[in-house]
Amino acid sequence: MENFEELKRAVEIVELKDARAHNIVALDSTVPFLSCFSQVIGDTLCDSLQPIDFKRGLNEICELYGSSLSLDAVEESCRRFGLEASAAICFKAARIVILLIDDGIKLNKKLDIQWHETLVPTVGRILQVEHVAEKILEKGPNGTLWTLGSFMEAFTKELKSEAEKVVAFKSIVAHHNGLSVNTEVTQKEAEESLNDVLCARKPIRISNKSFVDYIFMHALEVAQNFDLPMQIDTDFGDKDLDLRPANPLNLRNLLEDKRFTNNRIVLLHASFPFIKEASYLASVYPQVYLDFGLAIPKLSFQAMVSSLKEILELAPMNKVMNNTGGIAFAERFYLGAKKAREVVFKVLWDACIDGDLSITEALAAVNDIFAQNAKQFYKLDASSRYSDVESQSLSSSQKEELNGPLTDVKLVRLMWLDFSAQHRCRVVLQHRFYSSVKNHGLGLTVECIRLSSTSDNLSEEHSLPPSGEVRVVPDLSTKCRLPWARNQEMVLVDMLTEPGKAWQYCPRDVLRRFSKMLEDEFGLVMNIGIEVEFHLLKRVLKYEKETWVAIDRTSYCSTAAIDIASSVLEEAVASLQCLNIIVEQIHSEAGKGQFEIVLGYTDCDRAANNLIIAHEVVKGVARKYGLLACFTPRCWLGSHVHISLSKNGENVFTASEEPNRYGMSKIGESFVAGVLDHLRSICVFTMPITNSYERQIFKSRNSYYLCWGIECKELIVRACCPPGAADIVTNFEITTFDGTANPHLGLACIIIAGINGLRRRLPIPEPVEPEAYVFDPNDYNDDIRVPGDLRDSIIHMDSDEWFKDMLGENFLDTRGGGVGVRFKLCFLRVICLIEFLFIHLATAIKRESLN
């Protein structure tokens, strides 16, 4: 699912043009600030009539500015920042580089073009032809009465003089009499209509159909002569627009007229709600283009997605553009850009999943829709303003960078995994987090790291000092809002002895240290995909006692199981996706109430963080529904990991031109050989509790034996091939990795073993063929078997000189001095005493499956 991240990033960083925009207005009482969050300008929007876009927009601007959730708080933030600073924040976040301003709208306090040039590299003007006509008629013909001839002479002169200064003409013909333009209107009809306009009271407003049609067609001819496009506005937010005659199909006579076949015409707002009709016109008339701004961000999210999908049903990708619909307030530009990115990503990703687009085509569409189509249509050349590697999606990290903390967040959880892989946290108030803890962390006694997994008692056998502390310092790259507890955030921590110096027992640093060694020595990065397996249990009354039982009793990959758990699974997956954790698939597993969520490939450090967060998400969401998510391993339950190696971004696990036996590169062979050679030691960290070894049942998708095979799921190590390509190995899977492992330590041990294989250039043993699987389950030869229990794993680790050298004497000391083996044995004995609740749950599950 790397394509998911690639497309998402492309949508986030693409620089936008804004092809239909009005001036930003300085704040004053003439334009209510309430209008900032909705399309309506003026007194038609009041506090008691707030549409869906108002409520959503208010929330998103509060997040951007870091203010409390109220209109008054946002307005106060704007005053505190000042107009220039708040506009700069909004435009930077929106990543707008082209701003085309229609200054025909009447606002009492507008800012000039030069002011807008401080915000974006390219600013252009759009000339509204009806506004030009009204200004001419207001001035009068120098003491004489207007005739159609004298007016048209002045009108043509004004259009031509402005044509050199603008990038497009614009018409609001749809606002007056609809889009059924009479292409055969006569001079006499136009003259009579002009007289009607002049007889009406001032201020002059052009509304007579024949006159409007006449000047509109004349403006089209001038635009064609100057190679300027024409925008046709159908602003459905205006109360003076009668939508009934605004159907763009009424333009057919105009589009068929040979005088206008060489014009470039763009239908703003994609003629909403006549989207299908507009899409059809763009597909059959070469001069018609679509701009879908305003519908985004005004509608609900699903309505926006549905509208864009309808646009793209027929309209060619190279004829579809976006604008923010921004007007009067910089915040409106930001809201339009932000929502457009989200909607376009959703629509294009769905198209990729459905097979309508390839990822390459989707990436090209992103650039076309947001930038290239508009640049070509308006014949503009805009310089880049923002770095291509700087993502400007306004997620929590960037919002924090702009304006500090989220004001609706009350608590921040600082979370770590101790030596027994228990998820633990300290919670601080948000203001303290940002004033102190963010930079300096919290003190944590060393004793907290060696708490028993069965209770909060300290383990007796250890060599850690009886006093002292480490600092747990937040890794801000992992900070995220808790989807199931929206007023809280969570952040993973590093354990330091002093600023910038990691504690030798910090699990996250152990993984970073050996990942760096792998990269520095061999230029390799280990990438991981993890299968997260868990049971969902519900509370029932059984034999007059409350107990936990599986949520369902269906079979493997059962559709009924998905139906039963759909609410939990849907929310869990949505939560993971909003935390930028890719979910490739979900399905029900072989156990009763057992499910699997497959996380996407990423580098091992991020994969370990993602696994910790995924456990928190699944457990948190399950609790919301009164369920218990249990990750304790048993017969069919574990978190298998898929591993590949990359160099300079390319997968080097697959054999290239070099001679190979199994479709695997020499690098891949030696790495896997090292893992097999040290697998019994690795199990200490990847299968750290007694229950872990109950999974190793002969021929139950796990194996007793130290062997590997190509696409054989019965074995400890499986070489994985693309569909239909049995001679190409892309990665390998290890099944001895379960949900009770500390992922940072477990993955670090796999790297340690792989490095040994690479240094020694170990040859990989012969693979086992599934049909030749004839091992004797009664053969207890330790040289060919994986450990049968945790005690065996500890014994193998105790005698593994390579692991002792790599982890250091203080971590594994075979002579009993210092922290060493006594500490390690202590911590492993502790985690052998799996939490009483987990034992009870595992036993209950086993009884249920036997029943």
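Residues numbered from 1 in each chain as written. Predicted model: local features only at pLDDT ≥ 70, side-chain atom pairs only at ≥ 80, totals over all residues. Heavy atoms only, no water.

This paragraph deals with the pairing of strand β4 (residues 168–171). Of the two faces of β4, the one carrying Ala168 and Lys170 and the one carrying Phe169 and Ser171 are both buried. Examined bridge by bridge, strand β3 (residues 122–128) and β4 share 3 bridges and lie parallel to one another. Bridge pairing in β4 links Gln128 to Lys170. As defined by bridge partners, β4 adjoins strand β5 (residues 230–232) across 3 bridges and the pair is classed as parallel. Bridged to Phe169 within β5 is Met230. (Buried < 20%, exposed > 50% of the residue type's maximum accessible area, 1.4 Å probe, protein only. Helix = DSSP H or I, 4+ residues; strand = E, 2+ residues; numbered from the N terminus. Pairing = 2+ DSSP bridges.)

Looking at the element boundaries, Leu335 is found in helix α15 (residues 330–354). Given the relative accessible area of 5%, Leu335 is considered buried. Linking Leu335 and Cys90, residues 245 residues apart in sequence, is a C-alpha distance of 8.6 Å.

Another point: the pattern of salt bridges. Opposite charge on two side chains permits them to pair, given that their charged atoms come into close proximity. One pass over the structure, following the stated rule, counts 30 salt bridges. The partner of Lys309 in a salt bridge is Asp350, and the shortest N-O contact between them spans 3.1 Å. In this pair, Lys309 is assigned in helix α14 (residues 301–314) and Asp350 in helix α15, connecting sequence segments 41 residues apart. Across the pair Lys516 and Asp520 runs a salt bridge whose closest N-O atoms are separated by 2.6 Å. You can see Lys516 and its partner Asp520 sitting in helix α19 (residues 507–522), 4 residues apart, about one turn around the helix. Each of the two residues, Lys516 as well as Asp520, counts as exposed. (Salt bridge = Lys/Arg side-chain N within 4 Å of Asp/Glu carboxyl O.)

Take the pairing of strand β22 (residues 627–630) next. Side chains Leu627 and Ala629 project from β22 onto one buried face, and the interleaved Leu628 and Cys630 project onto a second face that is buried too. Alignment of strand β17 (residues 525–542) against β22, held across 4 bridges, turns out to be antiparallel. Bridging from a neighbouring strand, His535 pairs with Cys630 of β22.

Moving on to unusual backbone geometry. Residue Phe272 is joined to Pro273 through a cis peptide bond whose omega torsion reads 10°. Here Pro273 is to be found in the loop between β6 (265–268) and α12 (275–284). With a phi close to 55°, Ser271 is a non-glycine residue in the positive phi region. We classify Ser271 as buried; its relative accessible area is 1%. The phi angle at Asn580 is positive, at roughly 65°, despite the residue not being glycine. Structurally, Asn580 is set in the loop between α21 (566–578) and β19 (583–588).

This part covers α19. Compared with the 22 Å implied by 1.5 Å per residue over 16 residues, the 23 Å span of α19 between its first and last C-alpha is a close match. Regarding α19, the residues found buried are Pro507, Arg508, Asp509, Val510, Leu511, Phe514, Ser515 and Leu518. One or two steps after α19, the chain reaches Gly523, where phi turns positive at roughly 70°. (Expected span 1.5 Å × (residues − 1).)

Summed over the entire model, instances satisfying the criterion amount to 14 aromatic pairs. Between Phe151 and Phe211 the ring centres are 5.3 Å apart and the planes differ by 50°, which places this aromatic pair in the tilted class. In this pair, Phe151 sits in helix α7 (residues 148–163) while Phe211 sits in helix α10 (residues 209–225), placing the two residues 60 residues apart along the sequence. We note that Phe151, like Phe211, is buried. An angle of 45° between the planes, with centres 5.8 Å apart, marks the rings of Phe534 and Phe631 as tilted. Of the two residues, Phe534 sits in strand β17 while Phe631 sits in the loop between β22 and β23 (641–647), which places them 97 residues apart along the sequence. Positioned over the ring face of Tyr289 is Lys319, at 5.2 Å from the centre of the ring. (Phe/Tyr/Trp six-rings, centres within 6.5 Å; stacked < 30°, edge-to-face > 60°. Lys NZ or Arg CZ within 6 Å of the ring centre and 35° of its normal.)

Between α7 and α10, the least distance of the axes is 11 Å, while the angle of their chain directions is 40°. Here α7 is positioned oblique relative to α10, judged by the angle of their axes. Regarding α7 and α10, the two cross each other, and that crossing is right-handed. Together, Leu148, Phe151, Met152, Phe155, Thr156, Leu159 and Lys160 of α7 and Phe211, Tyr214, Ile215, His218, Ala219 and Val222 of α10 make up the contact between the two elements. Taken together, the residues of the contact of α7 with α10 break down into 10 nonpolar, 2 polar and 1 charged. (Axes fitted to C-alpha atoms, helices over the stretch in contact; angles between N-to-C directions. Parallel < 35°, antiparallel > 145°, perpendicular 65-115°, else oblique. Left-handed = near helix turned anticlockwise from the far one by under 90°. Contact = heavy atoms within 4.5 Å. Nonpolar A, V, L, I, M, F, W, Y, C, P; charged D, E, K, R; others polar.)

On to the state of the cysteines, then. Summed over the entire model, instances satisfying the criterion amount to 0 disulfides. Sulfur of Cys721: no disulfide; nearest cysteine sulfur belongs to Cys720 and is 7.4 Å away. You can call Cys721 buried: its relative accessible area is 14%. (Disulfide = S-S within 2.5 Å.)

Right, let's get into helix α25 (residues 743–760). The end-to-end C-alpha separation of α25 is 26 Å, in line with the 26 Å expected for 18 residues at 1.5 Å each. For α25, the buried fraction is high: 16 of the 18 residues fall into the buried class. Capping the start of α25, Asn742 holds a side-chain oxygen 3.1 Å from the backbone nitrogen of His744, two or three residues further along. One or two positions beyond α25, positive phi appears at Arg761, with a value near 50°. (Polar contact = N/O pair within 3.5 Å; in protein donor to acceptor, adjacent residues only side chain to side chain.)

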